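Each chain, letter by letter, is given below.
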Amino acid sequence: MRKLIDLTHVIDPKTAPRKFTVETIGAETVNQNVVRLAGQWYIMSNISMVSHIGTHIEMPYHLFPDGADLATVDLNTLCGPAVLVDLRAVPAGQPITVPALEAAIRAAGGIRPGDIVVCNLGYSDRYGTDEYGKSPYFTNEAIRLLVDAGMKMMAVDAGGVEIPKSEQHVNHTALLEKNICLIENIAHLNDLPCARFELCAFPVPVAGVESFPVRVVAAVEA
Ligand SMILES: [Zn+2]
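Residues numbered from 1 in each chain as written. Predicted model: local features only at pLDDT ≥ 70, side-chain atom pairs only at ≥ 80, totals over all residues.

### Overview of the sheet that holds strand 4 (residues 56-58)
- Reading across from one edge, 1-13-11-5-7-9-10-4-12 is the order of the nine strands in this open sheet, with mixed pairing throughout. Looking along the sheet, the strands with just one partner apiece sit at the ends: strand 1 (2-6) and strand 12 (211-213). Taken pair by pair, the neighbouring strands of this sheet meet at an average axis angle of 25 degrees, ignoring direction.
- Where strand 7 (residues 116-120) lies against strand 9 (residues 153-156), four bridges are found, and the strand directions are parallel. Within strand 9, the position partnered with Ile116 by the bridge is Met153. (Pairing = 2+ DSSP bridges. Helix = DSSP H or I, 4+ residues; strand = E, 2+ residues; numbered from the N terminus. Axes fitted to C-alpha atoms, helices over the stretch in contact; angles between N-to-C directions.)

### Re the nonpolar core
- Grouped together as the largest cluster of nonpolar side chains are 49 residues, with contacts concentrated most on Val117, Val118, Met154 and Ala155.
- Apart from residues lying up to four places away in sequence, Val118 is in contact with Ala82, Val83, Leu84, Val85, Ala155, Ile186, Leu189 and Leu199. (Core = buried A, V, L, I, M, F, W, Y, C linked by C-beta atoms within 7 Å. Buried ≥ 20, exposed ≤ 12 C-beta atoms within 10 Å, placed from the backbone. Contact = placed C-beta atoms within 7 Å.)

### A word on helix 2 (residues 140-148)
- Of the positions making up helix 2, those classed as buried are Ala142, Ile143 and Leu146. Projected down its long axis, helix 2 shows its buried positions confined to an angular sector of 100 degrees, all on one face.
- In this structure, the buried residues of helix 2 make contact with strand 6 (95-96), helix 1 (98-107), strand 7, strand 8 (137-138), strand 9 and helix 3 (170-176). (Arc of directions from axis to C-beta.)

### Regarding the pairing of strand 7
- Among the five residues that make up strand 7, five are buried, leaving the element largely enclosed by the rest of the structure.
- Sheet topology places strand 5 (residues 79-86) next to strand 7; five bridges connect them, and they run parallel. Paired with Leu84 across the two strands is Val118, which belongs to strand 7.

Structure below.
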């Protein structure tokens, strides 16, 4: 029996940390063929939002004008076998070094070529708190180790993977130049009962857009 586990933070427009506004409108204002009686609840929504909000996925187009966007990304890279790498022992604000990462990968049973690598920094339960921004960060050598291991997508329970104040965005570059998409703010990692599972994260295909909120779902053998 397969059990689905939702790895997505709820976006509540009332408390969203970035722009996400919902204007409720009557369906008849969009579709002239709709009849909406006075007082009838038959609504649509005008949504205005920043593309990097909540649990979201970043495409190569984020950094590369010729890179794949939400509409052209290869779907094969967005689902498949995943491995959970436990990095919760790295202290807040500290770099994730190659030796620490190697030890965590070993403990997870290794990375196989084509794996989606989900890094658990221990912050998915602190989303929305002041502590959340103080998570550890990846050294460029650590990111390259994951890339060289054949990782096809990366996910992290933090607002990003970048070295603080990196002007060249070296960690984003190392991923996106290899068409490795990045999921930020992945949620509920402590609900995963095992280190290996299947993961799917399909954003809507919007042409010319670099990132979008995404529903991330893990399937585990129960
Ligand atoms: Zn982002």
